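# Descriptive structure summary
Here is how the chains run, residue by residue.
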Amino acid sequence: MQISNEDYEQLKPLLFSLGYRLLGSVTDAEDLVQETFLRAYQAEEREINNKKAYLCKMMTNRCLDVLKSARRKREQYVGPWLPEPLLITSDDPSEAILQKEGLSMAYLRMMEHLTPHERAVFLLREVFTFSYREIASMMEKKEDNCRKLYSRAKEKLSAVKGESLHYENNRSVVDRFIHSFQTEDQGDLLELLSDHVTLYTDGGGKVRAALRPIYTKDHVAAFLFGIAKKRPNDFYVEVKNVNGQPALISYADSELYNVICFYIESRNK
């Protein structure tokens, strides 16, 4: 199979986006993209009519292998497991696929409730708009089976339907969130938080984090203000595009300290 430099530049963002959405890991997705292209380069010479579908099939299969082993590790993980945040800085049109719906942290976290095959079928259909016939070929399943997998996945993901994805509107909410801490206005923060808010923290096994989710707005606010009071010296915060939505990137001593992502409910819900 012949892969040109043009093929590589055009399809690399697509494969990374697919891998990241499946695995929730930037590092693993990047490694599998390189592995997929390497295997394609080394494949026996043969005619491939649709390189995009062929490479997506290879990428999907490798991700499914990783997911099967990752599930055991995550079951033994101490505390909640959260997807790795993806900082989006490029304005390159070729990376527009990363801005598509289905990239938010809340969405990716809900993907953990899907089986590996449900996740793959759902993404290939919903985000990457492959036909059921193409998906069936990639997954080596019947079209009817793929339709059922997609239907089950969509039902499970219905919980994130009310999420607002309007970047500028969400940015104003995040700015108000920052202001409440700068002014130590706990009342304003409580107004921003939903009655059924839940806070999840993940230290990656490297830094301290809450081992269990924190529920209710009072407990969440108390936890956040407690963290703010213990912030280290030379601490500052920036609002950046993480997973297609505004998020807080905190730095201490010029090094990354933490990332805070939000689930903001749509006003039209």
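All figures in this text were calculated on a predicted structure; none of them were measured in a lab.

Cut-offs used in this document
Residues numbered from 1 in each chain as written. Predicted model: local features only at pLDDT ≥ 70, side-chain atom pairs only at ≥ 80, totals over all residues. Heavy atoms only, no water. Salt bridge = Lys/Arg side-chain N within 4 Å of Asp/Glu carboxyl O. Helix = DSSP H or I, 4+ residues; strand = E, 2+ residues; numbered from the N terminus. Buried < 20%, exposed > 50% of the residue type's maximum accessible area, 1.4 Å probe, protein only. Axes fitted to C-alpha atoms, helices over the stretch in contact; angles between N-to-C directions. Parallel < 35°, antiparallel > 145°, perpendicular 65-115°, else oblique. Contact = heavy atoms within 4.5 Å. Nonpolar A, V, L, I, M, F, W, Y, C, P; charged D, E, K, R; others polar. Polar contact = N/O pair within 3.5 Å; in protein donor to acceptor, adjacent residues only side chain to side chain. Expected span 1.5 Å × (residues − 1). Arc of directions from axis to C-beta. Left-handed = near helix turned anticlockwise from the far one by under 90°. Pairing = 2+ DSSP bridges. Phe/Tyr/Trp six-rings, centres within 6.5 Å; stacked < 30°, edge-to-face > 60°. Lys NZ or Arg CZ within 6 Å of the ring centre and 35° of its normal.

## With respect to the pattern of salt bridges
Applying the stated criterion to the full structure yields 14 salt bridges. As a salt-bridge pair, Asp175 and Arg171 come within 3.0 Å of each other at their nearest N and O atoms. Pair noted here: Asp175 and Arg171 are both in helix H8 (residues 167-182), with a separation of four residues, about one helical turn. Among the residues examined, Asp175 registers a relative accessible area of 33% and is labelled partly exposed. For Arg171, a relative accessible area of 28% corresponds to the partly exposed category. A salt bridge links Arg176 to Asp188; its shortest N-O distance comes to 2.7 Å.

## Overview of the environment of Ser254
Position of Ser254 among the secondary structure elements: in the loop between strand E4 (245-252) and strand E5 (255-260). Between the alpha carbons of Ser254 and Asp234 there is a distance of 7.5 Å; along the sequence they are 20 residues apart.

## Concerning the packing of helix H6 (residues 132-139) against helix H7 (residues 143-156)
Following both chains from N to C, one finds H6 and H7 inclined at 100°, their axes separated by 9 Å at the closest point. Between H6 and H7, the interaxial angle falls into the category roughly perpendicular. Contact with H6, carried on its side by Tyr132, Arg133, Ile135 and Ala136, involves Glu143, Cys146, Arg147 and Tyr150 of H7 and no other residues of that element. Broken down by class, the residue content of the contact of H6 with H7 amounts to five nonpolar, no polar and three charged.

## Details of the environment of Ala159
Turning to its location among the elements, Ala159 is positioned in the loop between H7 and H8. For Ala159, a relative accessible area of 49% gives the class partly exposed. Between the C-alpha atoms of Ala159 and Met110, which are 49 residues apart in sequence, the distance is 8.1 Å. Ala159 has contacts with Met110 and Tyr263, leaving out every residue within four places of it along the chain.

## Overview of the side chain of Glu118
Within the secondary structure, Glu118 is located in helix H5 (residues 116-126). On the basis of relative accessibility, which here comes to 3%, the residue Glu118 falls in the buried class. At a separation of 3.0 Å, a polar atom in the side chain of Glu118 contacts the main-chain amide nitrogen of Thr115. Filtering out sequence-adjacent residues up to four positions away, Glu118 remains in contact with Leu149, Arg152, Ala153 and Lys156.

## Considerations on H7
A rise of 1.5 Å per residue sets the reference length of H7, with its 14 residues, at 20 Å; its end C-alpha atoms lie 20 Å apart and thus fit the reference within 8%. Among the residues making up H7, those that are buried are Cys146, Leu149, Tyr150 and Ala153. Seen from one end, H7 has its buried residues packed into an arc of 100°, which puts them on one side. Looking at H7, the residues exposed on the side facing more than 90 degrees away from the buried face are Asp144, Lys148 and Glu155. Its buried side turned inward, H7 meets H5 and H6.

## Regarding the packing of H5 against H6
Describing two packed helices takes the angle between their axes plus the distance from one axis to the other. Packing of H5 against H6 leaves a shortest axis separation of 10 Å and a crossing angle of 145°. The hand of the H5/H6 crossing is right-handed. Packed against H5, whose contacting residues are His117, Ala120, Val121, Leu124 and Arg125, the element H6 presents Tyr132, Ile135, Met138 and Met139 at the interface.

## Section: the sheet that holds strand E3 (residues 235-242)
Reading across the sheet, the three strands line up as E3-E4-E5 and stay open at both edges, with antiparallel pairing between neighbours. Across the chains shown, the open sheet's two edge strands, defined by having one partner strand only, are E3 and E5. Taking the axes of each pair of neighbouring strands and ignoring which way they run, one obtains an average angle of 30° across the sheet. The pairing of E4 with E5 spans five bridges and is antiparallel. When the bridges of E5 are listed, Ser250 appears paired with Asn258. In this fold H8 packs onto E3 and E4, with an angle of close to 35° to the strand it touches most, E4.

## Looking at the packing of aromatic side chains
Inspection of the entire model under this criterion finds 10 aromatic pairs. Seen from their ring centres, Phe16 and Tyr20 are 6.1 Å apart, and the 10° between their planes marks the pair as stacked. With Phe16 and Tyr20 both in helix H1 (residues 5-23) and four residues apart, this pair spans about one turn of that helix. Like Phe16, the residue Tyr20 is buried in the burial classification. Summarising the aromatic geometry, the rings of Tyr107 and Phe122 are spaced 6.4 Å apart at their centres and angled 35° between planes, so their arrangement reads as tilted. With Tyr107 in helix H4 (residues 105-110) and Phe122 in helix H5, the pair connects residues that are 15 residues apart, well separated along the chain. Among the residues examined, Phe122 registers a relative accessible area of 2% and is labelled buried. Members of the aromatic cluster, joined through ring pairs, are Tyr107, Phe122, Tyr132 and Tyr150. In this structure, Lys52 is placed above the aromatic ring of Phe130, and the distance from its NZ or CZ to the ring centre is 5.2 Å. One residue, Arg109, lies across the ring of Tyr200, its end atom 3.8 Å from the ring centre.

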